Amino acid sequence: MAYRLSVLDQSPIAEGTTAADALANTLDLARQADALGYDRYWLAEHHASPGLAGAAPEALIGPVALATSRIRVGSGGIMLPHYSPFKVAETFALLAALAPNRIDLGLGRAPGSDQRTAFALQRDRTRRMPVDDFPNNLAETIAYLDGTMPGDHPFAALQDTLPTGGGVLDVWLLGSSHDSAMWAAQAGLPYCIADFINSEGVPLAELYRAQFRPGRIKAPHLMVATWAIAAPTRIEAETLALPASMMFAHLIRGELIAVPSVERAQAWAAEHGDSRRRRRTTLGTSAQVHAQLDEVAALYGADELMLVNIIPDHAARVRSYALIAAEYGLAALAKAA
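Quick caveat: nothing in here was measured; it's all calculated off a predicted structure.

(A) Focus on the overall build of the protein. A tally of helices and strands in the protein yields 13 helices and 10 strands. Taken over the C-alpha trace, the protein has a radius of gyration of 19 Å; the compact-globule value for 337 residues is 20 Å, and the two agree within 12%. With the C-alpha coordinates of the protein rotated into their principal frame, the extents come out at 65 × 50 × 40 Å. For the protein, the residues scored as buried account for 52% of the 337 residues in total. Contacts in the protein between residues far apart in sequence, at least 24 positions, make up 74% of those at least 6 positions apart. Of the charged side chains in the protein, 28 are positive and 35 negative; the average position of the first set lies 1 Å away from that of the second.

Rendered as structure tokens:
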């Protein structure tokens, strides 16, 4: 296989259920992904959402890592503007000590929320945090983890206090914009493009490769996070995609909802149409999904693909990932590795 496959979990909350139910499903899906042979399992960060339970990936990573044995577990991602670089570095060094050589720190700039919630998340609410703080905060986070803080920095001594014994902690930059591509290239980090947010992200991949300077890694390494739903038939896969389509249509109008049932989403789509045409969505049987994912990987020149979906029926969601894993023979590949 020319590219690796991983899972991005947004911990969807189906209507009529609770966040506790969604988190139990997250742990179950993580165990399944581990057994199925996926490479990474990342937890997303979303705040004040009735439909997504993952408000704190740093709190979920530990339980997921302990519930699994092989798969790398990480954040997809930590929204750095909400946190101090030292706190992020310290937290992820601790997680790495809990599950050595299996933790990924994916960092992003987006708020993962509306602007009011983002402001409420700030420790200092006397002013709005400037966007241009991000490159400096990114560099500071990496410096703590790598022990490269300049000696004259007022926090230099703190780099020696981080939890030890965690082995290799992979640091990624996530994004869907020109800025994120440039920052990943300049910092010499692996880069994950959120194709499920911006399906016109090929120029970002090209910019990242063209501007890359060796840093934490020596050569560009690109992952693409994209929507994918597999089912026994294409018609069923298309039906399973309707609840997410309904959610996104409401989100655009500023309305946050829990993940609707397939039946309610079908009724809504019959009246309003399917909004998936605005975003790339890989759908169909496992063989059809495989062919479409090959096209996405070739389009971006991706080294890895990370698959994401929102389906209210947990069993159908697990089945989707299982069908894709079987199509690719992931379990045998993981065992051989």
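(B) Highlighting the packing of aromatic side chains. The final tally for this structure, using the stated rule, is 9 aromatic pairs. Aromatic side chains Y3 and Y328 sit 5.9 Å apart centroid to centroid with 70° between the ring planes, which places their arrangement in the edge-to-face category. Placement of Y3 in the segment before β1 (4-9) and of Y328 in helix α12 (residues 314-328) is noted, with a sequence separation of 325 residues between them. Judged by relative accessible area, Y3 falls into the buried class, the value being 5%. Between F196 and W227 the ring centres are 6.2 Å apart and the planes differ by 85°, which places this aromatic pair in the edge-to-face class. Taken together, the positions of F196 in the loop between β7 (191-194) and α7 (202-211) and W227 in strand β8 (residues 222-230) put the pair 31 residues apart, joining distant regions of the chain. Residue F196 is classed as buried on the basis of its relative accessible area, which comes to 9%. Aromatic ring contacts, followed pair by pair, group Y191, Y208 and F212 into a single cluster.

(C) Quick peek at the pairing of strand β5 (residues 103-108). Among the 6 residues in β5, 6 count as buried, and that is most of the element. Of the two faces of β5, the one carrying I103, L105 and L107 and the one carrying D104, G106 and G108 are both buried. As judged from the 2 bridges shared by strand β4 (residues 78-79) and β5, these two strands associate in the parallel manner. Bridged to I78 within β5 is L107. This β-α-β element, β4 to helix α3 (residues 85-98) to β5, shows right-handed connectivity. With 4 bridges connecting them, β5 and strand β6 (residues 170-175) associate as parallel partners. Pairing of L105 across the sheet is with V171, part of β6.

(D) Representation of the packing of helix α1 (residues 19-36) against α12. At a minimum axis separation of 10 Å, α1 and α12 run at an interaxial angle of 15°. If you check the angle between α1 and α12, you find them roughly parallel. Read as a crossing pair, α1 and α12 show a hand that is right-handed. Residues N25, D28, L29, Q32 and L36 of α1 pack against H314, R317, V318, Y321, A322 and A325 of α12. Each residue belonging to the contact of α1 with α12 can be placed in one class, and the counts come to 6 nonpolar, 3 polar and 2 charged.

(E) Representation of the pattern of salt bridges. Taken as a whole and assessed by the stated rule, the structure comprises 17 salt bridges. D170 is paired through a salt bridge with R72; the nearest N and O atoms lie 3.7 Å apart. Highlighted residues: D170 in strand β6 and R72 in strand β3 (residues 72-75), separated in sequence by 98 residues. Residue class for D170 comes out partly exposed when judged on its relative accessible area of 22%. Residues participating in the shared-partner salt-bridge network are R4, D39, R40, R72, D104, D170 and E304.

(F) Main features of the environment of A302. By the element assignment, A302 lies in the loop between α11 (286-300) and β10 (304-308). Taking C-alpha positions, A302 is 13 Å from P203, a pair spaced 99 residues apart along the chain.

(G) A look at the side chain of R72. Here R72 falls in the buried class, since its relative accessible area comes to 15%. Within the local environment of R72, its side chain forms a polar contact with the side chain of D104, the two groups lying 2.7 Å apart. Look past the residues within four positions of R72 in its chain and what remains in contact with it is D39, R40, Y41, N101, R102, I103, D104, V168 and D170.

(H) Layout of the packing of helix α9 (residues 242-252) against helix α10 (residues 262-272). Relative to each other, α9 and α10 sit at 60°, their axes nearing to 8 Å. Relative to α10, α9 is oriented oblique. By crossing handedness, the relation of α9 to α10 is classed as left-handed. Where α9 approaches α10, its residues L242, P243, S245, M246, A249 and H250 are matched on the opposing element by V262, R264, A265, Q266, W268 and A269. Classifying every residue of the contact of α9 with α10 by side-chain character gives 8 nonpolar, 3 polar and 1 charged.

Rules used in this analysis
- The residue numbers shown here count from 1 along each chain, following its written sequence.
- The model is predicted, so local features are restricted to residues of pLDDT at least 70 and side-chain atom pairs to those at 80 or more, both for listing and for counting; the totals for chains, interfaces and linings are taken over all residues.
- For side-chain calculations, the full set of non-hydrogen atoms in the structure is used, while hydrogens and water are omitted.
- Runs of E in the DSSP output that reach at least two residues are strands. Runs of H or I that reach at least four are helices, and both are numbered from the N terminus.
- What the globule rule says is 2.2 Å times the number of residues to the power 0.38, and the radius of gyration is computed from C-alpha atoms.
- Buried, partly exposed and exposed residues are distinguished by accessible area as a fraction of the type maximum, computed with a 1.4 Å probe on protein chains only: under 20%, between the cut-offs, and over 50%, respectively.
- Contacts between residues were defined by any pair of non-hydrogen atoms, one from each residue, lying within 4.5 Å.
- Note on charges: Lys and Arg go in the positive column, Asp and Glu in the negative column, and His and the chain ends are not counted at all.
- A charge is said to be at NZ when it belongs to Lys, at CZ for Arg, at CG for Asp and at CD for Glu.
- A pair of aromatic rings is counted whenever rings of Phe, Tyr or Trp (Trp by its six-membered ring) have centres within 6.5 Å, and the orientation is called stacked for planes under 30 degrees apart, edge-to-face for over 60 and tilted otherwise.
- Note on pairing: two strands pair once DSSP finds at least 2 bridges between them.
- When the strands point away from the viewer and the connection leading from the first strand across the helix to the second strand turns clockwise, the crossover is called right-handed.
- With axes taken as lines fitted to C-alpha atoms, and helix axes fitted only over the stretch in contact, angles between N-to-C directions fall between 0 and 180 degrees.
- Throughout, the term roughly parallel applies to angles under 35 degrees, roughly antiparallel to angles over 145, roughly perpendicular to angles from 65 to 115, and oblique to all others.
- Should the near helix be turned anticlockwise from the far one by less than a right angle, the crossing is left-handed, and should it be turned clockwise, the crossing is right-handed.
- Charged residues are taken to be Asp, Glu, Lys and Arg, nonpolar residues to be Ala, Val, Leu, Ile, Met, Phe, Trp, Tyr, Cys and Pro, and polar residues to be all remaining types, Gly included.
- When a carboxyl oxygen of Asp or Glu is within 4 Å of a side-chain nitrogen of Lys or Arg, the pair counts as a salt bridge.
- Pairs of N or O atoms within 3.5 Å make up the polar contacts considered here, provided that, within protein, one atom can donate a hydrogen while the other can accept it, and that residues adjacent in sequence are counted only when both atoms are side-chain atoms.

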